[in-house]
Amino acid sequence: MVIHKNTDLKTIPTPYYLLDESAIVRNLKIIKQLCDDSGAKALLALKCFATWGVFDVMKPYLHGTTSSSLNEVRLGKEEFGGETHAYSVAYSPNEIDEVLVYADKIIFNSLNQLAAFKDKAAAKNIAVGLRLNPKISNSEFIIADPARPYSRLGEHDLIKIEAVLADITGVMIHNNCENDSFDAFSASLAAIEQKFGNIFYKLEWISLGGGIHFITANYPVDKLAKRLKDFSQKYGVQVYLEPGEASIHQAASLVTTVLDTLYNGKPLVVVDASIEAHMLDLLVYRETAPLVAINNVPCKHTQSETENSTIVYGKSCLAGDIFGEYALAEPVKIGDTLAFGNAAGYTMVKKNWFNGVDMPSIVIKRLDGSIEVQQTFSYSDYKASLS
Ligand SMILES: Cc1ncc(COP(=O)(O)O)c(C=O)c1O
């Protein structure tokens, strides 16, 4: 729903997420080139980004969506179209029939789930896959490591997997997390081939998941394309990629206003948003929000702890609700606007109503440069989320 068209950014009340369609398209052009050169198909991972108000500009570059729940698979079918893959760590018997209304492929996380629901999928001619866990990964964070010890994400036992090959046409393996090293990706794929290669020859499709950070500067996209093409030809499979972060990297900022300033050993600033409520992923991963603009003037401040550096706090009561600490040339004042970058992936999908802090509006800078207020939230949204 578009609330206001052609708005002047300066008149929009903060906080708001500002999403830039041109930045999205910059990423998607790289993805499309990779697909054209490799024969792979790319599906937007909705768990990372599901702001469907920009799906129209994304559709020409991607083949569809992949999901992690009934709600996501439905959104993908309704608002994106193309191929619609369904995956969930565990489907409940109550939801599976509806999932199969929207999905054209369904990937089960375990042999139990496969056994429970494969006949329902087969009855509707929906392709069935299984998630494999290669027990190796390229993830710096244990919390995001699908191959962590005792992981529940996918099956690893070759003998058990071979026993169900007649029930599946493909597999999904996701074992990268913001991995910007082609060599590391290629080496782990080689190790996966060592383990599961014999199975791969018997499949029609293999999804290699997300987390390959090929939109980063100087990534050898041509080498990745060749690696994927060779892989696909060797096993005779259609390769899928599930880019989330790569699709929308650096395409959004969270724009806030300074409400207060204090001093407690260092200059402190309080803004009208909250890292816990509005950029939760950064808090989970203990990362600093990049400060990308002050009063609409672009800047590039990342974490910097000096004697006089400024700590920017959110307005929730969490003592550690900290966007970051920055070495600023000039002190910021009450009323200044601060914009934090990288606010699209795993950010907008995780926003919550902690402390009842105002939910940021969603503002879109369209390809033609016009500004649209796509969505605003109010007390009734807060109230409805609770009872
Ligand atoms: C199965 C699967 N596919 C795709 C993705 C998207 O990963 P990214 O956003 O890092 O590309 C994830 C992320 O957790 C995932 O678990």
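Residues numbered from 1 in each chain as written. Predicted model: local features only at pLDDT ≥ 70, side-chain atom pairs only at ≥ 80, totals over all residues. Heavy atoms only, no water.

Trainee: Help me understand the packing of helix α1 (residues 21-38) against helix α8 (residues 221-235), please; the structure alone is not making it clear to me.
Mentor: Relative orientation and spacing of two packed helices are given, respectively, by the angle between their axes and the distance between those axes. Remark: α1 packs on α8, axes separated minimally by 8 Å, with the N-to-C direction vectors making an angle of 40°. It follows from the interaxial angle that α1 and α8 lie oblique. Crossing hand, α1 versus α8: right-handed. Facing α1, whose interface residues are Ile 30, Leu 34, Asp 37 and Ser 38, α8 presents Val 221, Leu 224, Ala 225, Leu 228 and Lys 229. The class makeup of the residues in the contact of α1 with α8 is six nonpolar, one polar and two charged. (Axes fitted to C-alpha atoms, helices over the stretch in contact; angles between N-to-C directions. Helix = DSSP H or I, 4+ residues; strand = E, 2+ residues; numbered from the N terminus. Parallel < 35°, antiparallel > 145°, perpendicular 65-115°, else oblique. Left-handed = near helix turned anticlockwise from the far one by under 90°. Contact = heavy atoms within 4.5 Å. Nonpolar A, V, L, I, M, F, W, Y, C, P; charged D, E, K, R; others polar.)

Trainee: Any chance you could explain a nonpolar patch on the surface here in plain terms?
Mentor: On the surface, Ile 142, Ile 143 and Val 284 cluster together into a nonpolar patch covering about 270 Å² of accessible area. Structurally, the position occupied by Ile 142 is in the loop between β6 (127-131) and α6 (158-162). Here Ile 142 falls in the exposed class, since its relative accessible area comes to 52%. (Patch = residues over 30% accessible without salt bridge, like charges linked within 9 Å, V, L, I, M, F, W, Y side chains within 5 Å. Areas by Shrake-Rupley, 256 points an atom, 1.4 Å probe, with all protein chains shown as cover. Salt bridge = Lys/Arg side-chain N within 4 Å of Asp/Glu carboxyl O. Buried < 20%, exposed > 50% of the residue type's maximum accessible area, 1.4 Å probe, protein only.)

Trainee: Explain the pairing of strand β4 (residues 83-88) to me, please; I cannot follow it from the model alone.
Mentor: Look at any regular strand and the pattern is simple: side chains alternate between the two faces of the sheet. Of all the six residues making up β4, six are buried; the element is thus mostly covered by neighbouring parts of the structure. With burial as the criterion, each face of β4 is covered, one bearing Glu 83, His 85 and Tyr 87 and the other bearing Thr 84, Ala 86 and Ser 88. Sheet topology places strand β3 (residues 64-66) next to β4; three bridges connect them, and they run parallel. Opposite Thr 66, over in β4, you have His 85 as the bridge partner. (Pairing = 2+ DSSP bridges.)

Trainee: How do you make sense of the site of the ligand when you look at a structure like this?
Mentor: Taken together, the neighbourhood of the ligand is formed by Ala 45, Lys 47, Cys 48, Met 172, His 174, Gly 210, Gly 211, Glu 242, Pro 243, Gly 244, Glu 245 and Tyr 346. Between the ligand and Glu 242, the relevant distance is 2.6 Å, taken from a nitrogen atom to a side-chain nitrogen or oxygen of the residue. Burial of the ligand by the protein amounts to 87% of the accessible area it has alone, namely 400 Å². Of the residues belonging to the shell around the ligand, the class tally is five nonpolar, four polar and three charged. (Near = heavy atom within 4 Å. Polar contact = N/O pair within 3.5 Å; in protein donor to acceptor, adjacent residues only side chain to side chain.)

Trainee: Mind showing me how you'd approach the sheet that holds β3 here?
Mentor: Strand order around the closed barrel formed by eight strands is β2-β3-β4-β5-β6-β7-β8-β9, with parallel pairing between neighbours. If you compare each strand with its neighbour and ignore which way they point, the axes differ by 25° on average. Sheet topology places strand β2 (residues 41-45) next to strand β9 (residues 238-241); two bridges connect them, and they run parallel. Within the sheet, the bridge partner assigned to Lys 41 lies in β9 and is Tyr 240.

Trainee: Help me understand the pattern of salt bridges in this model?
Mentor: As a working rule, side chains carrying opposite charge can pair if their charged atoms are close by. This model, assessed by the stated rule, comprises 16 salt bridges. In this structure, the salt-bridge partner of Lys 32 is Asp 36, at a minimum N-O distance of 3.0 Å. With Lys 32 and Asp 36 both in helix α1 and four residues apart, the pair spans about one turn of that helix. Salt-bridge contacts for Arg 227 lead to Glu 193; the nearest nitrogen and oxygen are separated by 2.8 Å. Taken together, the positions of Arg 227 in helix α8 and Glu 193 in helix α7 (residues 182-200) put the pair 34 residues apart, joining distant regions of the chain. Overall, Glu 193 belongs to the buried group, its relative accessible area being 12%. Each of Glu 21, Arg 366 and Glu 372 takes part in a single network of salt bridges with overlapping partners.

Trainee: Please clarify how the state of the cysteines should be interpreted in this entry.
Mentor: Linking two cysteines covalently through their sulfur atoms gives a disulfide. In total, this model carries zero disulfides according to the counting rule given. Here Cys 48 stays unpaired: no disulfide links it, and the sulfur of Cys 177, its closest cysteine neighbor, is 10 Å away. With relative accessibility at 0%, the residue Cys 48 sits in the buried group. (Disulfide = S-S within 2.5 Å.)

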